[in-house]
Structures are given as structure tokens and as C-alpha cells.
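Chain residues, written in single-letter form:
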Amino acid sequence: MVRKELEQYPVVNVKTDWYRVSELPHKIYAICEPYHFQEVISFLILGETSAILLDTGMGLEPIRPVVSKLTDLPVIPIMSHGHFDHIGGNYEFDSVWGWPAEATVKASQQDEIFAEDDPNIQPDAFERPVEIENYCRRAYKLNPLTEGQEFDLGGRLWKVKFIGGHSDDSVVLYNEKEKLLCTGDLIYPGPLYVKTGLKEYMDSCEKLAEKFADFTLICSHNIPLADGTLLSRVATTFGELCRGMLEGEADCRGRMYYRNEDVELLIWPGIRD
Ligand SMILES: [Zn+2]
């Protein structure tokens with residue numbers, strides 16, 4: 001679904017009917033995949049001498065030709081984390097920077113995962129017919145990121161910060177000068193997936209809220225830009241949840257869903273406290 005919030009940004013024709021590319025402010029392109037229920041967004045962040053590609057999407061169609069239509073600059077691929085919807089095109093690049101959690105290193109070496117192996121790549125996951133028989137997730141070379149690592153794109157400096165709660169390999173990227181924070185899957189408008197630890201997720205949000213409240217958030221699902229004040233609203237919601245102040249409901253997969261004004265949480269069963 002192409003959300004109305006996306007329509008305010010100019011669309012760039014990249015000659016594909018799978019990706020929808022929006023030109024955001026801040027010299028950033030949002031490479032959206034609106035026809036899968038996850039509505040994942042990869043970002044191309046331009047500098048003067050190089051560009052960051054944050055995530056490589058689902059891998060339904062190659063992303064590299066799309067990126068080549070958007071820039072001639074050398075591209076540095078970085079993944080926000082290793083979930084399937086962020087790494088599909090990793091194999092198209094010589095190597096990809098990512099947080100080297102044990103499971104991520106192992107997963108990067110797995111080759112040939114087909115649609116039939118993944119419940120997320122089934123026909124009912126898509127808004128329209130998709131040739132899922134061509135889907136294949138491939139191995140890729142992982143370059144290990146370190147805390148505080150810097151990427152200088154020529155006039156634009158981005159730093160890496162590890163954050164727990166959504167996965168054990170999630171990072172955010174931030175640009176202090178321009179007050180921009182790429183939140184990956186930790187924070188975005190829509191239900192947040194709490195998959196590793198409740199306390200960890202809350203701590204991450206509190207830490208980010210302290211430092212980045214006046215930043216613009218660049219978010220990896222649904223709607224690409226959000227206000228930094230969302231960070232503290234999410235942290236507050238976690239606090240209320242931990243104090244038993246929120247009432248949730250279970251879904252058919254045993255996940256608990258909570259809503260607190262514009263913040264939604266979906267808590268996986270069996271996660272760490
Ligand atoms: Zn995701």
C-alpha cells in the first residue's frame with residue numbers, strides 16, 4: 001500500500017514496478033517496497049564523495065540497478081540489522097557492513113533460501129501477485145561494524161551506534177551536524193516488533209530519547225520520516241507497560257499487542273525480560 005504520507009515527496013522513476021522511490025529532504029532517497037505487508041524502506045544517503053545504502057530490501061527484485069539510477073557515487077552498503085526484509089540484496093554487493101552478532105555471521109553464510117523456506121514470502125504476504133518462484137536469498141560477505149564507527153561521505157559524517165531490543169544486531173546511524181537519526185526497526189510509525197528483550201528495548205529508547213529528541217528520524221518501515229519526540233513517547237509507553245499500566249491483547253501467534261496513543265507495541269512470546 002502506498003501510504004498517503006509518501007505522496008508528499010517527489011517520486012523518482014527508476015523503471016521498476018516493485019520499488020517506489022521517493023526523494024526526501026536531506027539528500028536522501030527512500031526506496032520503498034509498499035506491496036509487501038512489512039512495507040520496508042531502504043535508504044540511499046548521498047554525500048559529496050560517496051553514498052550510504054542503508055539496507056538492501058527484500059530481494060524480490062535486484063536493488064543495485066535502482067541505486068545506479070539514483071547516483072554515480074561509490075556506494076557503501078550498511079545494514080540496520082539482519083532480518084530478511086533488510087538484507088535481500090546484500091549479495092549484489094562485494095560486502096556489506098553489519099553488526100557481527102553470532103547469529104548474523106552465521107546467517108550471512110547461508111545460501112539459497114527460497115520462498116518455500118520462508119513464511120514471510122508467501123502469496124498472501126503481498127498486496128498483488130508477485131513471482132515468488134524467482135525469490136532466492138543468498139549468502140553475502142559481512143564487514144563487522146564497531147561501536148562509534150564513522151562513515152565520512154565527504155561533507156557528511158555518519159556514526160554507528162548499537163541498540164538492543166528489536167534484534168541482537170541492530171544499529172542506528174546518526175549525523176550530529178544535520179540532526180538526522182536512522183532508527184532502523186527500533187522506532188518507526190506503526191507497531192514496533194519487540195523480539196529480543198523488553199528492558200533492553202526500553203533502555204535503547206530512553207538512551208536515544210536523551211540524545212536525539214530534536215533530531216529527524218529516518219525510519220525503516222511504513223512512513224520514512226518522523227519527529228524525534230516519538231522516541232520519548234515510545235520510552236514512556238515501555239515504562240507504563242513495565243509498571244502494568246497498559247492493557248494488551250494476544251493475537252493468534254501468542255504475541256501481545258499494546259497501544260498507547262500513537263505508539264503501538266507487538267511483543268513476541270518468550271523474549272528476555
Ligand atoms: Zn524490518
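Section: the sheet that holds strand S16 (residues 216-219)
Ordered by their spatial adjacency, 6 strands build an open sheet running S11-S12-S13-S14-S16-S17, and the pairing between neighbours is mixed. The open sheet has two edge strands, strand S11 (150-152) and strand S17 (225-227), and neither has a second partner. On average, each strand axis in the sheet is tilted by 25 degrees relative to the strand beside it, whichever way the strands run. Relative to S16, strand S14 (residues 180-184) is paired through 4 bridges, and the arrangement is parallel. Along S16, the bridge assignment pairs Leu 181 with Leu 217.

With respect to the nonpolar core
Nonpolar side chains in soluble globular proteins tend to end up buried together. Of all hydrophobic cores here, the largest spans 70 residues; its most connected members are Ile 31, Phe 43, Ile 52 and Ile 187. The element that contributes the greatest number of residues to this core is helix H5 (residues 229-242), accounting for 6 residues.

Brief notes about the pairing of strand S3 (residues 28-32)
Of all the 5 residues making up S3, 5 are buried; the element is thus mostly covered by neighbouring parts of the structure. Bridge analysis of strand S2 (residues 20-24) against S3 gives 5 bridges, and the strand direction is antiparallel. Looking at the pairing, Glu 23 lines up with Tyr 29 of S3. Joining the antiparallel neighbours S2 and S3 is a turn of 3 residues, in which His 26 adopts a positive phi near 70 degrees.

Notes on unusual backbone geometry
Backbone geometry places Asn 222, a non-glycine residue, at a positive phi of 70 degrees. Along the polypeptide, Asn 222 turns up in the loop between S16 and S17. Take Asn 222: there are 20 C-beta atoms within 10 Å of it, and that puts it in the buried class. Of note, Glu 261 is a non-glycine position whose phi angle comes to about 50 degrees, a positive value.

A word on the environment of Glu 261
One can find Glu 261 in the loop between strand S19 (256-260) and strand S20 (263-267). Exposure remark for Glu 261: the 8 C-beta atoms within 10 Å place this residue in the exposed category. Spatially, the C-alpha atom of Glu 261 lies 21 Å from that of Lys 207, the residues being 54 residues apart in sequence.

Quick look at H5
Along an α-helix, a turn takes 3.6 residues, which lines up residues three or four apart on a common side. For H5, with 14 residues, the first-to-last C-alpha span of 21 Å sits near the 20 Å given by 1.5 Å per residue. For H5, the complete set of buried residues consists of Leu 230, Leu 231, Val 234, Ala 235, Thr 237, Phe 238 and Leu 241. In an axial view of H5, the angular spread of the buried residues amounts to 155 degrees, which keeps them on one side of the axis. Positive phi appears at Gly 244, one or two residues downstream of H5, with a value of about 75 degrees.

A closer look at the packing of helix H4 (residues 198-212) against H5
Orientation of H4 relative to H5, taken along the N-to-C sense of each, is 145 degrees, at an axis distance of 8 Å. Relative to H5, the crossing made by H4 is left-handed. Judged by residue contacts, Leu 198, Tyr 201, Met 202, Cys 205, Glu 206, Leu 208, Ala 209 and Phe 212 of H4 engage Leu 231, Ser 232, Val 234, Ala 235, Phe 238, Gly 239 and Cys 242 from H5. Here the residues of the contact of H4 with H5 sort into 12 nonpolar, 2 polar and 1 charged.

Some points on the domain arrangement of the chain
Entries for the chain in the domain assignment read domain 1 (1-98 + 100-144) and domain 2 (169-179 + 190-216 + 227-273). For domain 1 versus domain 2, the separation of C-alpha centres amounts to 24 Å. At the interface, 9 residues of domain 1 touch 5 residues of domain 2. The residue inventory of the side of domain 1 that touches domain 2, partitioned by class, reads 3 nonpolar, 6 polar and no charged.

Digging into the sheet that holds S19
Here we have 4 strands laid out as an open sheet, ordered S15-S20-S19-S18, and mixed in their pairing. At either end of the open sheet lies a strand with only one pairing partner, and these are strand S15 (191-194) and strand S18 (249-250). As judged from the 2 bridges shared by S18 and S19, these two strands associate in the antiparallel manner. Among the inter-strand pairings, Ala 250 is bridged to a residue of S19, identified as Met 256. Sitting on the sheet, H5 is in contact with S15, S19 and S20, with an inclination near 50 degrees to S20.

Parameters at a glance
Residue indices follow the written sequence of each chain, beginning from 1 at its first position. Residue-level local features of this predicted model are given only where pLDDT is at least 70; pairs of side-chain atoms are given and counted only at 80 or more, and the full residue set underlies all totals for whole chains, interfaces and linings. DSSP-based pairing: two strands are paired if at least 2 bridges between them are found. Helix and strand definitions follow DSSP, with helices as H or I runs of at least four residues and strands as E runs of at least two, each counted in order from the N terminus. To obtain each axis, a line is fitted to C-alpha atoms, and for helices this fit is confined to the stretch in contact; angles are then taken between N-to-C directions over 0 to 180 degrees. Residues enter a nonpolar core if they are buried, belong to Ala, Val, Leu, Ile, Met, Phe, Trp, Tyr or Cys, and are joined to the set through C-beta atoms within 7 Å. The burial criterion counts other C-beta atoms lying within 10 Å of a residue's C-beta, which is placed from the backbone; the residue is buried at 20 or more, exposed at 12 or fewer, and partly exposed between these limits. For a helix, the expected span equals 1.5 Å multiplied by the number of residues minus one. This arc is built from the directions going out from the helix axis to the C-beta atoms. Crossing handedness: left-handed means the near helix sits turned counterclockwise from the far one by under a right angle, and right-handed means the same turn made clockwise. Contact definition: two residues whose C-beta atoms, as placed from backbone geometry, lie within 7 Å. Classification convention: Asp, Glu, Lys, Arg as charged; Ala, Val, Leu, Ile, Met, Phe, Trp, Tyr, Cys, Pro as nonpolar; all other residues, Gly among them, as polar. An automatic or database domain assignment supplies the start and end points of every domain.

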